[in-house]
Structures are given as structure tokens and as C-alpha cells.
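Each chain, letter by letter, is given below.
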Amino acid sequence: MQWKLNLYNQIHAMKNLFLLLTSFVIFSFASRAVETTSPDGNILLTVDLDENGTPIYSVTYKGKPVISESKLGLVGKNVDFFKGFEIVGVDTTSFDEIWEPVWGEYSTIRDNHKELAVTLKKNNPELDMILRFRVFDDGLGFRYELPLQDNVNYMTVMDELTEFNLPGDNTTFWIPGDYDTDEFLYSETLISEIPDEVVSRRGKHSESQAITDKYVIQTPMIMKTPDSLYVNIHEAALIGYPAMSLEVVPDSLLFRSHLTPDKLGVKAYIQLPFSTPWRTLLISDDARDILASQLILNLNEPSVIEDTSWIKPMKFMGVWWEMFTGGKTWAYSDDYRAKPGITDYTKLEPNGHHPANTANVKKYIDFAADHNIDAVLVEGWNEGWEDWRSYDKNRQFLFDKAYPDFDVDELRDYATAKGIQLIMHHETAANAADYELQLDRAFQFMKDNGYNAVKTGYVGAIIPRSEHHTSQWMVDHVKNVAERAAEYQILIDSHEAPRPTGLIRTYPNWLAQESARGGEFESMGGNPPSHTALLPFTRLKGGPMDYTPGLFETRLSTYGQGNNSQAGTTIARQLALYLTMPSPIQMACDLPENYQRFLDAFRFIEDVPVEWADSRYLEAEPARYITVARKDKNSDDWYVGAITDDNPRVATIDLSFLPEGQQFIATIYEDGKDASWKDNPQSYNIRTVKVNNKKVLKQKLASGGGAAIRLTPAP
Ligand code: NOJ
Ligand code: CA
């Protein structure tokens, strides 16, 4: 009753403000619960307080429970934003806007949501917090906002107590918690099986910090409920705060937020006013909606870069895969450690197996220029690889000093003459502190030498050593790098950075990240076919991945280097990945000599665009299969990609998305009759058929296979 009176007074006091805000109070005096729905009414969100004054929320989708009563709150070192609250204001608004991303899967994105802001107050000391929810047709996001207030200025965040209480024992696709890496294969288990399974999967990575005292998994993760709802949990707009993982509370079906701490156990240092990242739930009874969802981008702020005309998506090749096939090195010399006093690299003995040399890079430039590839990435071009990471200032990675066999001027002129861009590589060995010191010099060196894009890397334990790859400090670091790169008009592709949360909307020069187990693992045991049928439901919801598709020689044993890994793919599937793993920066990862053997198949990689006007997900099931059609942003062509897991499958490709009354030529790159990823990965077939929008193609996919189709208007 006390609570109701308070609210009543508060509403009267705020009446004028409400009128101004064109919002309306939907609070019902009969019940204390506050509700709102998605614009289409399918999602119902309820927010309330429990008997301790702790905020709670629950979510249903078409009447089915998705999240049952779950607590919300933050805990500071000396203040508690968790208990003893009263609701003193409720504000709902509707929002419907269309915006244009610089690049992506769609040329326009609709942001249509209902917002519910619940203002909470407590006494002794008086503290204010706003819970802001945005409910879309395909899910919702919510965040904590700590407004400017008298009793807190700086706050040391010790914990966030966001709960996701699941009403059923959902099938869950997850990777184990780890503060430093997300390069894992996924487990598929029930929630109740996670604690046992997570223990058996811990600590597989040498330099990383596995979480050993809790049962933690990482986001983005996806679940399928017993009544066949798909639910993805992640976050949006991770800025100034650590990444969120999920802790399974044993003997329950409850996940609690688990923030990456620093070495003092502190989660974040903030100054008010402050808003946390959005906690996101993508929800649908149709798995295709999860793939099509742009909710996470919609919860990020618009681009801070005003002139984006210099931001150009691209395809690239690189000497990179030579290092993964064995025998070749990023390092120029093998003997640096033996001569610790030497800082003049011309005095070192070259090892003779260093692919980032002028002649070899020219070979890649030639191939790229002949085959419609925009850029060449050069890894191992700069000093420091012999020692990897040294505390000696003169011997660590230098981002403006090329090896003696890498002629920066000559390559710049050669690439420019051939119309090819060069992509620089900055492997920091996770010495992020030193990278910040070198950053301006490094970016200026790039601009002076014609490089407009950089792949960054953070392999190893973070320096400063008090930090992790996903702690607040590192989250700030990667954002700062993207921001400062924009000042130089430089594009970023970051590896080993905290997994993305849609910040590409705000920093569209941040084209992609790795931040998951990528194609490099095809040479380290291989990725099973289900992996790439799952990543679009999980990791890719945060943003594009530099997965590095295009592997044509899938058996590493062919290099005679004692590596018996085999990629979980056929050649046709590798082509399909350019559609199912959309990114504005796509590698053609294999060696030119391998592409020479299959030039007719490589033709698809030459043709396939990297930015789209529209996308239609035709078939989808997590870790099983994906079929997607996309319209080129710069022509009338459509493309289709279809992949399956280990099981052969017939994809149903309904071409009704094509414009009415127009004939198209479909060039189909498909698995050969006898193809399978294990036994016959290089068997493929290319054929053309005439189609129109009445046609439904029944396309066979081999075990671990796929199909890639180009549709061009018939002349
Ligand atoms: C790991 C990255 O993922 C890979 O792409 C890179 O080549 C190596 N680190 C070396 O920096
Ligand atoms: Ca990596």
C-alpha cells in the first residue's frame, strides 16, 4: 500500500513531464506489475518487484513462457542497486524508424520497438536506477541506467545479478566460459547437463583463464525450448564495461550474468551517469527469424563517423595460409634468440621459409588482380616475430619496421599499379598497452605506405597482466583502436578481441572480428560441418566474422608436414560460406596454386559480393542447416548459399523472392554425386539452368557439403 501511494504521488508530480514526453503510463493500480508487448503483440514482458524490493521480469512468446520470474540488479562496492526498491515512474514509448547501414545484409533496417522505462528509487541512502526495456517483434533488450544522483558519483561494480530463469530444460548450444578466448567448438546439451560437461571442457587453452570455480558458458548462445522456441542470449553495445558470460546455478535452470573481473575481482569502474550494455534475448518459433534479426544492431548507437564514403567492403587473399600448412613462418629468421644483442635485422640469417617477402607477395598481388580480389593481407612483414613478445623495447613487435626481405615501397607501387590494396597486420602478442603507445606511429606508417586496412591480433595473455581479453580495460582498448583508426580512415579486422556486440553500427570501419573458432582450426584438428551451421545463430549475431572461407585443399596431409587435419567441408560448401557467413571483409584463404587447380569453382569467389541490398533466410536449424538468398547491393543479381551438417540433405530453394516476370540464369556450384567432406571433398559440379520466381529448386547437399548459386537476369 505504501508503495502504491508513493507511486501515486510520484505520477502526479511528474504529470507535466509525461505530457511533454507524449508517453503514457500503463501502470495498473490493481496490480503492481508493469507490462508491455512487442509491436506485433507476440512478446509479453512483465516487470515487477519481489517482496524484498528487487526488480524482477518475465517474458512470454505467443503465450508460451520464455523467461520465468528473474531478478535484476547491480551491486557496487558500497552501494546496492538490488534490494529495497520502489517503482516511482513508468514510461512507455513506441519507436519506428528505418535506417541505412553503411554495409551489411540489408540496405535498410527497420527499428520498430516499444520501450518501457521503469524508474526505481530506494532510501537510506537514496538511490535511483532506471530499467530500460525495448521490445521488438523478434526479441528484447534491457539495460541498467544509473542517472546522476547525490549519493553515488564513482562506483566500483562488484557484480551484476541479472538472471535468466528458464522454465524448461532447453537444448543449449554453448562454449565454455573463459576470460581470454572464445575459440572453442560448441557443445549441444540440456541446461541440466551443462555443469558436468563444462567441467570436462575447461582449460583447453594454454594462455587463457578458464573459469574453474563456477559453471560458466559464453554468449552469444542459442537454446531450443521443449516447445520449439529458439532463444539467443547475448548483449548489445558493450562499451565501458566487461563482457557478460552466463553462470549456471547448479540444480536449477537458471543462468546468472557473470562479468569478467580484473585481477582484483572488480568487474567495472564507472562514473555516473552510466548505462550498462543491453542484455539481449532473440526469440522466435522460427529459427530463420533468429538469423534475420537485426535487434542487436538496433540497440547500438548510430555511426559516429559522419563521412563513411571511404569505408569499402572487400575480398582479400594473403600469405597467411602458408604458415598454417606447415613449415613456413611469420618470422624472417630462426636465430634471433641466439643473438640477443642484435637489433639490426639485416645482420640475421634469413630462414628461407618466410612467405611475407617481396617476390612472394607480388605473386599474390598478381593472382588477386587477375581474379577480382580487392586486397592482399601480409602477415609476418614486420620485426618482432622471432621473439614473439619481449619486454625489451627494441625487440618487441614494431609496427613501422619491415623485415629486410619485405620492400614496403616496391610493394606499395606494385600493388597500386595493379589496383590492389594491401592489408597490414598488427599482431600485438596481446601487449595491448604497448600497442596503444605505438598506435599513432603505426597508423601514420600505414597511411604513408598506402595501407587502408589492418588486421589486429591479441594472441597470449593481456598486458597489462591485471587484465583479460574480455575485461573492462580490454573492451575499452579495442573500441579506442577502432575510434582512432577512423580518424586515420583505417578499416579494422580484429582477432582475439572481445566478441562483438553490434558496435559495427557505431564504428562501421570496424568491418569484422574473428572472436570464435575460425577457419584457421581446419589446420588444427578441423572444424566439423555443424560448426559453421551454428556460428550464424550464435557468434555472428554480434557482428561479422573473419572466418576465412575458401579452402579448396582440405587435407593438410597433402603438404607432407605431418599435419593430418582435415577440414569438415567440401569445396562447394566453402563457396556457400560466403553467403551463410556474411561479412564485409571476406578472405579467399587458400594458396593461389590450389585455386589454379579449380579455377572454374574459384569463379564463384570472384563473383560473390560482400555487401547486400536484401537477405532472405529460406531454411534454418541451429547446427544442422542454413539456406539463404541475398541480393547484391550493386547489381540485380541474387545469390543463394546452402549448407548442411554431417548429414546429406536436399535443400528446398523457393525462388519466389525473384522479381515477377523476369528470367534468371542460375549458375549452380554443387557437390558432386559422390562428394562428402570426409571421403571426397573436392568432387563438385557446375551447371546452369534457366529459372523464374515460380521455380522451387531441390538442391542436393553432400555430407558436410553445400551449394552456392549465382542468379543473373537473363539477357
Ligand atoms: C591468430 C589469428 O587468428 C591468425 O589469423 C593469425 O595469423 C595468428 N594469430 C598470428 O597473428
Ligand atoms: Ca585466432
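Let me sum up the structure you'll find in this document. (Residues numbered from 1 in each chain as written. Chains lettered and ligands numbered in written order. Predicted model: local features only at pLDDT ≥ 70, side-chain atom pairs only at ≥ 80, totals over all residues. Heavy atoms only, no water.)

Distances from the calcium ion (ligand 2) to its protein donors, namely E183 (OE), E496 (OE), E514 (OE), E514 (OE) and E520 (OE), fall within the range 2.2 to 2.8 Å. Around the calcium ion (ligand 2), the 6 donor atoms are arranged such that angles at the metal cover 50 to 165°; this shape is classified as irregular. Between consecutive donors of the calcium ion (ligand 2), the numbers of intervening residues give the motif E-x312-E-x17-E-x5-E. Remark: E496 occurs in the loop between strand 27 (491-494) and strand 28 (510-513) and E183 occurs in the loop between strand 13 (171-174) and strand 14 (187-190); sequence separation between them is 313 residues. Residue E183 is classed as buried on the basis of its relative accessible area, which comes to 8%. Judged by its relative accessible area of 14%, E496 falls in the buried class. (Donors = N, O, S within 2.8 Å, 3.2 Å for Na, K, Ca; no water. Tetrahedral: all angles 85-135°; square planar, octahedral: opposite > 155°, others 65-115°. Helix = DSSP H or I, 4+ residues; strand = E, 2+ residues; numbered from the N terminus. Buried < 20%, exposed > 50% of the residue type's maximum accessible area, 1.4 Å probe, protein only.)

Around ligand 1, 13 residues are found, and the nearest of them are E379, E427, K455, H495 and E520. A distance of 2.6 Å separates an oxygen atom of ligand 1 from a polar atom in the side chain of K455. Between ligand 1 and H495 there is a distance of 2.8 Å, counted from an oxygen atom to a side-chain nitrogen or oxygen. For ligand 1, whose free accessible area comes to 300 Å², the fraction covered by protein is 93%. Put simply, the parts of the chain that give the shell around ligand 1 at least two residues each are helix 6 (320-324) and strand 25 (421-427). Classifying every residue of the shell around ligand 1 by side-chain character gives 5 nonpolar, 2 polar and 6 charged. (Near = heavy atom within 4 Å. Polar contact = N/O pair within 3.5 Å; in protein donor to acceptor, adjacent residues only side chain to side chain. Areas by Shrake-Rupley, 256 points an atom, 1.4 Å probe, with all protein chains shown as cover. Nonpolar A, V, L, I, M, F, W, Y, C, P; charged D, E, K, R; others polar.)

This brings us to the sheet that holds strand 30 (residues 612-621). On the basis of which strands lie adjacent, the open sheet formed by 6 strands has the order 30-31-32-37-34-35 and antiparallel pairing. Looking at which strands have only one partner, the edges of the open sheet turn out to be strand 30 and strand 35 (684-691). Strand-to-strand, the axes of this sheet are offset by a mean angle of 15°, without reference to chain direction. Sheet analysis places strand 30 next to strand 31 (residues 625-632), joined by 8 bridges and oriented antiparallel. Across the sheet, residue W612 finds its bridge partner in strand 31, namely D632. Of the strands in this sheet, strand 30, strand 31, strand 32 (638-644), strand 34 (664-671), strand 35 and strand 37 (706-713) are in contact with helix 12 (residues 571-580), which crosses strand 32 at around 120°. Helix 14 (residues 599-607) rests against strand 32, strand 34, strand 35 and strand 37 of the sheet, and its axis sits at about 60° to strand 37. (Pairing = 2+ DSSP bridges. Axes fitted to C-alpha atoms, helices over the stretch in contact; angles between N-to-C directions. Contact = heavy atoms within 4.5 Å.)

Before going further, it helps to spend a moment on the side chain of Q699. On the secondary structure map, Q699 appears in strand 36 (residues 696-701). Residue Q699 is classed as buried on the basis of its relative accessible area of 1%. A distance of 2.8 Å separates the side chain of Q699 from the side chain of E670, its partner in a polar contact. Not counting residues up to four positions away in its chain, the partners in contact with Q699 are R649, V650, A651, I653, I668, E670, R687 and A707.

Before going further, it helps to examine the environment of N153. By the element assignment, N153 lies in the loop between strand 10 (139-146) and strand 11 (154-160). Each residue touching N153, except ones within four places of it in the same chain, is listed here: I270, Q271 and L272. Polar side-chain contacts of N153 include one of 3.5 Å to the side chain of Q271.

Take helix 8 (residues 408-417) next. What helix 8 keeps buried is the set V408, L411 and A415. Along the long axis of helix 8, the arc covered by the buried residues comes to 65°, so they all point the same way. Opposite its buried face, helix 8 presents the exposed residues T416 and A417, each directed more than 90 degrees away. If you follow the buried residues of helix 8, they end up packed against helix 7 (358-370), strand 25 and helix 9 (432-448). Near the N-terminus of helix 8, the side chain that reaches the backbone nitrogen of D409, with its oxygen 3.2 Å away, is that of D407. Positive phi shows up at G419, right after helix 8, with a value of about 70°. (Arc of directions from axis to C-beta.)

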